[in-house]
Amino acid sequence: MTKIPANVSATGIHWPTAQTTSLQNVVFNMNAANGTQHQGLFIEEGSGGFMTDLVFNGGNNGFNVGNQQFTTRNLTFNNVNTAINQLWDWGWTYTGVKINNCRVGLNVSAGGSSAVNVGSITLFDFEINNTPIGITTSRTNDSEPAAAGSLYLENVKLSNVGVAVLGPNGPYLQGSAGPSVITAWADGHRYLPNGPVEARGSIAPSKRPATLLDASGNYYTRSKPQYGSVPLSQFLSARDLGATGDGATDDTKALNAAILQAKEEGKILFIDAGYYKVTGTIYVPPGSKIVGEALATVILSAGEYFNDMSAPKVVVQVALPGEQGSVELSDLFFSTKGQQKGAILMEYNLGTYGGEPSGLWDVHTRIGGFAGSDLQTEQCEKTPDIEITEASLVQECIAAYMSFHITKFATGLYMENNWLWTADHDLDDIRNNNTQITIYAGRGLHIESQRGILWL
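Quick notes on the rules
- Residues numbered from 1 in each chain as written.
- Predicted model: local features only at pLDDT ≥ 70, side-chain atom pairs only at ≥ 80, totals over all residues.
- Heavy atoms only, no water.
- Salt bridge = Lys/Arg side-chain N within 4 Å of Asp/Glu carboxyl O.
- Helix = DSSP H or I, 4+ residues; strand = E, 2+ residues; numbered from the N terminus.
- Buried < 20%, exposed > 50% of the residue type's maximum accessible area, 1.4 Å probe, protein only.
- Disulfide = S-S within 2.5 Å.
- Phe/Tyr/Trp six-rings, centres within 6.5 Å; stacked < 30°, edge-to-face > 60°.
- Lys NZ or Arg CZ within 6 Å of the ring centre and 35° of its normal.
- Expected span 1.5 Å × (residues − 1).
- Contact = heavy atoms within 4.5 Å.
- Polar contact = N/O pair within 3.5 Å; in protein donor to acceptor, adjacent residues only side chain to side chain.

1. Observations concerning the pattern of salt bridges
Next, step 1: Evaluated as defined, the whole model comprises eleven salt bridges.
Next, step 2: Glu-154 is the salt-bridge partner of Arg-208, the closest N and O atoms lying 2.9 Å from each other. Here the residue Arg-208 occupies a position in the loop between β13 (195-202) and β14 (235-237), and Glu-154 occupies one in strand β11 (residues 150-167), the gap between them amounting to 54 residues. The burial state of Arg-208 is the same as that of Glu-154; both residues are buried.
Next, step 3: Between Lys-224 and Asp-331 there is a salt bridge, with the nearest N and O atoms lying 3.1 Å from each other. Within this pair, whereas Lys-224 is found in the loop between β13 and β14, its partner Asp-331 is found in strand β22 (residues 328-336), the two being separated by 107 residues in sequence.
Next, step 4: A relative accessible area of 11% means that Lys-224 is categorised as buried.
Next, step 5: One salt-bridge network, held together by shared partners, links Arg-139, Asp-187, Glu-198 and Arg-200.

2. Section: unusual backbone geometry
Next, step 1: Backbone torsion omega between Gly-48 and Gly-49 reads -5°, so that peptide bond is classified as cis.
Next, step 2: Here Gly-49 lies in the loop between β3 (38-43) and β4 (50-57).
Next, step 3: A cis amide bond, omega -10°, links Glu-144 with the succeeding residue Pro-145.
Next, step 4: Backbone geometry at Asn-155 places phi at a positive 55°, although glycine is not the residue there.
Next, step 5: Structurally, Asn-155 is set in strand β11.
Next, step 6: A residue is classified by how much of its surface remains accessible, and Asn-155, at 16% relative accessible area, is buried.

3. Notes on the state of the cysteines
Next, step 1: In this structure the tally under the stated criterion is one disulfide.
Next, step 2: A sulfur-sulfur separation of 2.0 Å characterises the disulfide bridge that pairs Cys-380 with Cys-397. Taking the torsion about the S-S bond as the criterion, the Cys-380 to Cys-397 disulfide, at about -100°, is left-handed. Here the residue Cys-380 occupies a position in helix α2 (residues 377-380), and Cys-397 occupies one in the loop between α2 and β25 (398-400), the gap between them amounting to 17 residues.
Next, step 3: A relative accessible area of 1% means that Cys-397 is categorised as buried.

4. Focus: the packing of aromatic side chains
Next, step 1: Going through the model one piece at a time under the given rule, you end up with 17 aromatic pairs.
Next, step 2: When the ring of Trp-92 is compared with that of Tyr-94, the centres are 5.8 Å apart and the planes differ by 15°; the resulting orientation is stacked.
Next, step 3: Take Trp-92: its relative accessible area is 1%, and that puts it in the buried class.
Next, step 4: On the basis of relative accessible area, Tyr-94 is assigned to the buried category, the value being 0%.
Next, step 5: Ring geometry for Phe-124 against Tyr-219: centres 6.0 Å apart, planes inclined by 80°, an arrangement best described as edge-to-face. Here Tyr-219 lies in the loop between β13 and β14 and Phe-124 lies in strand β9 (residues 120-129), a separation of 95 residues in the sequence.
Next, step 6: Taking relative accessible area as the criterion, Tyr-219 reaches 23% and is therefore assigned partly exposed.
Next, step 7: Each residue in the set Phe-28, Phe-56, Phe-63, Phe-70, Phe-77, Trp-92 and Tyr-94 is aromatic and connected to the rest through ring pairs, giving one cluster.
Next, step 8: The ring of Phe-333 carries Arg-366 above its face, with NZ or CZ at 4.5 Å from the centroid.

5. A few points about helix α1 (residues 252-265)
Next, step 1: Here α1 contains 14 residues, and its C-alpha end-to-end distance of 20 Å stays within 8% of the 20 Å for a straight helix at 1.5 Å per residue.
Next, step 2: Among all positions of α1, only Thr-252, Ala-254, Leu-255, Asn-256, Ala-258, Ile-259 and Ala-262 are buried.
Next, step 3: Immediately downstream of α1, the backbone of Gly-266 shows phi near 70°, a positive value.

6. Here we look at the environment of Gln-24
Next, step 1: By secondary structure assignment, the location of Gln-24 is in strand β2 (residues 22-29).
Next, step 2: Relative accessible area serves as the criterion here: at 17%, Gln-24 is assigned to the buried category.
Next, step 3: In this view, Gln-24 contacts Thr-52, Asp-53, Leu-54, Ser-223, Lys-224 and Gln-226; residues no more than four positions away in its chain are not counted.
Next, step 4: Within polar-contact distance, the side chain of Gln-24 engages the side chain of Asp-53 at 3.3 Å.

Written out as structure tokens, the structure reads:
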């Protein structure tokens, strides 16, 4: 964007987006001249989402964002007027952010004290350098809505920051000329064992298990692998190996064979876009690396094997109980087709010890509400006037037993941007009005890990 004149409004990416989406590995170069009207990322609405590994250079606003909820990490802002301008949110988590040589680090004052637009902001492992105002807020003791504008800061490092938190009438928290660390500080409503309190000031930080930290004491993070330096010869295609992904053919044997072949040859399995109908368990052995195609690779359980609530069966099983090693899975959907009363969409047994943990990035469960699921408006439109009992509920709409089971054997697992969604509306309603539906799924995420070294 640097060749666009500074006085011309310009946006790098407009991203009013939805759940399960992610944005990664983007550098925004904007005109940094005086009076610049450039913004890197603009979000004014939506229900996201996840973003990571973004760099913003120059411009008026780096991050100009409003959305229901987001998790964002590893963002770097250099020489931006306002690094982050928070237009609104319900709740937003920032971690691993570095703000360098900006005028304002984070502006959460939208709406003013009488109509605060920001619900809550959480900052972990944050860094602000050479920036006169770290955070500016409109929250006061009398602001409305009463619970809005909440801030939670933990392990925030400052260097040459004039005011750390600036309120409407003056500083709430002073900065420092030299290096300093805000161990933990909060402004807003907190819920404690003896009830809610409203407070502004330093608090005790949350406890950080050493096993979850990196060498610097920050929470460990690991970006989704892009495999950009891996040659084409090191990939296998599930389609080339006999899977169809047409949503009708039974791909159980072909998909299992493809996964095993890729593992045995030490290659990465690319599961091309498609709906891979399976009528038995898909086994992912230790050592597997599997990547789907954007948000268009779906493993779809079907049939009576997954339809006994008294004897649930696993759709995708990562390792057998007691197996050790590592896996990398990314860009995959696990779903069910029609009544699947005994389907556990994913079971994770793998123990990863030492070195990098295993990872699940952009791996989602989506139960119902899409074309081909047989769990749409036609089958499962909501019935608000009927009392739901065992006798009255629509049996065909019992669509899963559990989304994701992390068993007692599992440890060393890093999960990032994973949505476990049971549909409340029809995404592909032909009338295009997101009709609400009623789908039944017994359980979401069940963690039984006995060692418990997990990052969520």
